[in-house]
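Close look at the chain arrangement
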Amino acid sequence: MDLNSSRRGFRLLPGRWSWKSFVCWFAAFLALNSAIAAYVRRKPLSHQNQEISQAVAPIRVALELEAQEIRSVRSEVAMPDGDTKPFSEITKGIRKRMIRRKAGLDDVEALLGAVDRLAVMNSRQQQTLTKAEASVLEAAANLKQLERATLKQAEAGDSSGSNRGAR
Amino acid sequence: VGVCKQIVAFGAALLGLVIAFFPRLTDVAPFWQSVVGAAALLTVNLTGIALFVLVWFFVQARSRYPFLYLERMGNAMPFFYYQTLDRHRSYKPLPSTKGILSANRFFLTDLRKFARNLVDEDEDVLTRARHELQQYYLLIVYQGYLDQYEMQLVHIFVYASLASLLSILIVWLFLWI
């Protein structure tokens, strides 16, 4: 390389590039970083939170199914199907009940959010989480009862409406 | 060296931030957790490299140039203070009265020696020419040491940083994702 050509172009280092040095440094850092990464994978610092999240996951799935079921029932009930006055009154009553049910659903969603927040806390709050879980399950059972009662009332209203139509 | 000082300072600050905000990081998706982990690893690596460069710089500053051990050719009287000034001088930052008197005595004695050497050199042209040649050569050697020391620091930083970056990329791709 003559003087002119050495003046042109960019040189990363003031001296010559040495692949041997680079490979030595690379091997050292690869060993160090692999060891650190393996250690972090073996002992994750967020281990407890993951356990709690896994425990909460089935509750969340069950409640989401419940909520979906309630929504489907609500959409069925809200369909404009009756022309007669008594049936529309019954439908209004059912709608009122469904509004109340929606408030219950909101409560369930709020509880779900609370459970999510609890999931990121440490293991000392495991007992609190258990209590929250019980209350969420209780709320879900209450909602189910309410749903059954509403369905029964809807069926009763439907039969009286069809009887009036027959007359 | 200045860049390394800043990397050490910012690296320590960034690690502090990661430790402080770690509980919130557990809510993040696993992919972004791995990205944050790789960034933290890069910070640790760069901070370590910068610290190593600084330590190596201190070692270089502590080293004594080998030619200074040659008292007549490499450390001649008019060029380096090791030979020009008396080695029994005290360099205490807060000298006592006795220390001030002693230092001034050394000052006057060394001045007399220095002046006599210059006068002798002026009388003999060949001696003066020899001293001038020694001085030119010593300056070249001294500059060579300075440049090579600086190159060592640059080489360590560039090789280590690139190697660290590449290794983190490999670790992230094959171990964390």
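Numbers given to residues run from 1 along each chain, matching the order in which its sequence is written. Chains carry letters and ligands carry numbers; both start at the beginning, A for chains and 1 for ligands, and go up in the order they are written. Given that this is a predicted model, residues contribute local features only at a pLDDT of at least 70 and side-chain atom pairs are listed and counted only at 80 or more, while totals for whole chains, interfaces and linings are drawn from all residues. Processing note: side-chain calculations cover all non-hydrogen atoms of the structure and skip hydrogens and water entirely.

**Description of the overall build of chain B**
Which entries qualify depends on this criterion: Helix and strand labels come from DSSP, where a helix needs a run of H or I of at least four residues and a strand needs a run of E of at least two; each type is numbered from the N terminus. Residue exposure (1.4 Å probe, protein chains only): buried if accessible area is under 20% of the type maximum, exposed if over 50%, otherwise partly exposed. With residues, only the protein chains shown are counted as cover, and all accessible areas are computed by Shrake-Rupley using a 1.4 Å probe.
Scanning chain B for helices and strands turns up six helices and zero strands. Order of helices (α) and strands (β) in chain B, N terminus to C terminus: α-α-α-α-α-α. Looking at the 177 residues of chain B, the share that counts as buried comes to 27%. As presented, chain B carries roughly 12300 Å² of accessible surface, and 70% of it is formed by carbon and sulfur atoms.

**Some remarks on the packing of aromatic side chains**
The geometry of two aromatic rings is summed up by the distance between their centres and the angle between their planes. For clarity, the threshold we go by: Side-chain rings of Phe, Tyr and Trp, where Trp is taken by its six-membered ring, are said to pair if the distance between their centres is within 6.5 Å; with planes under 30 degrees apart they count as stacked, over 60 as edge-to-face, and otherwise as tilted.
For the coordinates displayed, the defined rule picks out 16 aromatic pairs over all chains. Between tryptophan 17 of chain A and tryptophan 19 of chain A, the aromatic rings sit 5.5 Å apart at their centres with planes inclined by 80°, giving edge-to-face as the arrangement. The exposure class assigned to tryptophan 17 of chain A is partly exposed, which follows from its relative accessible area of 32%. For tryptophan 19 of chain A, a relative accessible area of 58% translates into the label exposed. The structure contains a cluster of three or more aromatic residues connected by ring pairs, namely Trp17, Trp19, Phe22 and Phe26 of chain A together with Tyr159 of chain B.

**Here we look at a nonpolar patch on the surface**
Spelled out, the test is: To count toward a patch, a residue needs a relative accessible area over 30% and no salt bridge; like charges are then connected within 9 Å, while nonpolar side chains (Val, Leu, Ile, Met, Phe, Trp, Tyr) are connected within 5 Å. What counts as a salt bridge is simple: a side-chain nitrogen of Lys or Arg found within 4 Å of a carboxyl oxygen of Asp or Glu.
A contiguous nonpolar surface patch, about 340 Å² in accessible area, is contributed by Phe52, Val55, Trp56 and Val59 of chain B. Locating valine 59 of chain B in the fold gives a position in helix H3 (residues 30–62).

**Considerations on the interface of chain A and chain B**
Going by this rule: The contact criterion used is simple: two residues touch if any of their non-hydrogen atoms lie within 4.5 Å. Buried area is understood as the total, over both parts, of accessible area removed when two parts are fitted together, assessed with a 1.4 Å probe. As used in this structure description, the phrase polar contact means that two N or O atoms lie within 3.5 Å; if the pair is within protein, one of them must be able to donate a hydrogen and the other to accept it, and residues adjacent in sequence are counted only when both atoms belong to side chains.
Listed per partner, the contact involves 23 residues of chain A and 24 residues of chain B. Between chain A and chain B lies a buried interface of about 2100 Å² when both sides are counted; carbon and sulfur atoms form 79% of it. A per-residue breakdown of the area chain A buries against chain B is headed by Trp25, Phe29 and Asn33 of chain A, which together make up 25% of the total. Where chain A packs against chain B, one counts zero salt bridges. Counting across the chain A and chain B interface gives three residue pairs in polar contact (both at pLDDT 80 or more).

**Looking at the packing of helix H1 (residues 2–20) of chain B against H3 of chain B**
Residue and element names in this part refer to chain B. In plain terms, the rule: Fitted lines through C-alpha atoms serve as axes, helices being fitted only where they are in contact, and the angles separating the N-to-C directions of these axes extend from 0 to 180 degrees. For a crossing to be left-handed, the near helix must be turned anticlockwise from the far one by less than a right angle; the clockwise case is right-handed. Side-chain classes are defined by residue name, with Ala, Val, Leu, Ile, Met, Phe, Trp, Tyr, Cys and Pro counting as nonpolar, Asp, Glu, Lys and Arg as charged, and the others, Gly among them, as polar.
Look at H1 against H3: their axes get within 8 Å of each other, and the N-to-C directions meet at 145°. In this structure, H1 crosses over H3, and the sense of that crossing is left-handed. On H3, the residues touching Cys4, Lys5, Ile7, Val8, Gly11, Leu14 and Leu15 of H1 are Thr43, Val44, Leu46, Thr47, Ala50, Leu51, Val53 and Leu54. Looking at the contact of H1 with H3 residue by residue, the classes come out as 11 nonpolar, three polar and one charged.

**Examining the nonpolar core**
Test applied: Among buried residues, the Ala, Val, Leu, Ile, Met, Phe, Trp, Tyr and Cys ones that are joined through side-chain atoms within 4.5 Å form a nonpolar core.
Ranked by internal contacts, the top residues of the largest apolar core, which has 16 residues, are Phe29 of chain A together with Cys4, Ile49, Val53 and Ala163 of chain B. Of all the secondary structure elements, the ones that give two or more residues to this core are helix H2 (19–42) of chain A together with H1, H3 and helix H6 (125–176) of chain B. Residue contributions to this core peak at six residues, all from H6 of chain B. Counting nine residues, the second-largest nonpolar core is a separate cluster that includes Leu63, Ile70, Met98 and Val136 of chain A.

**Topic: H2 of chain A**
Heads up, the rule is: An expected span of 1.5 Å times one less than the residue number is assigned to each helix.
With 24 residues, H2 of chain A should reach 34 Å at 1.5 Å per residue; the first-to-last C-alpha distance of 34 Å fits that figure. Restricting attention to buried positions, one finds in H2 of chain A the residues Phe22, Phe26, Phe29, Asn33 and Ala37 of chain A. On the buried face of H2 of chain A, the contacting elements are H3 and H6 of chain B.

**Description of the confidence of the model for chain B**
Residue and element names in this part refer to chain B. Rules: Per residue, pLDDT captures the predictor's confidence, and it can take any value from 0 to 100.
For chain B, per-residue confidence averages 84 on the pLDDT scale, and residues scoring 70 or more make up 94% of the total. Least confident of the elements in chain B is helix H2 (residues 22–25), whose mean pLDDT is 68; most confident is helix H5 (residues 97–123), at 90. In the predicted assembly, ipTM is 0.70 and pTM is 0.54.

**Concerning the side chain of glutamine 60 of chain B**
Residue and element names in this part refer to chain B. Along the polypeptide, glutamine 60 turns up in helix H3. On the accessibility criterion, glutamine 60 (10% relative accessible area) is buried. Polar side-chain contacts of glutamine 60 include one of 2.9 Å to the side chain of glutamine 152. Setting aside anything within four residues of it in sequence, one finds glutamine 60 in contact with Tyr149, Gln152 and Leu153.

**Some details on the environment of histidine 155 of chain B**
Summarising the element assignment, histidine 155 of chain B is placed in helix H6. For histidine 155 of chain B, a relative accessible area of 18% gives the class buried. The contact partners of histidine 155 of chain B, leaving out residues within four places of it in the chain, are Leu13, Pro14, Gly15 and Arg16 of chain A together with Ala160 of chain B.

**Thoughts on the side chain of serine 161 of chain B**
Residues and elements named next belong to chain B. Its location among the elements puts serine 161 in helix H6. Classification of serine 161 as buried rests on a relative accessible area of 15%. Setting aside residues no more than four positions away along its own chain, serine 161 makes contact with Leu46 and Ile49.

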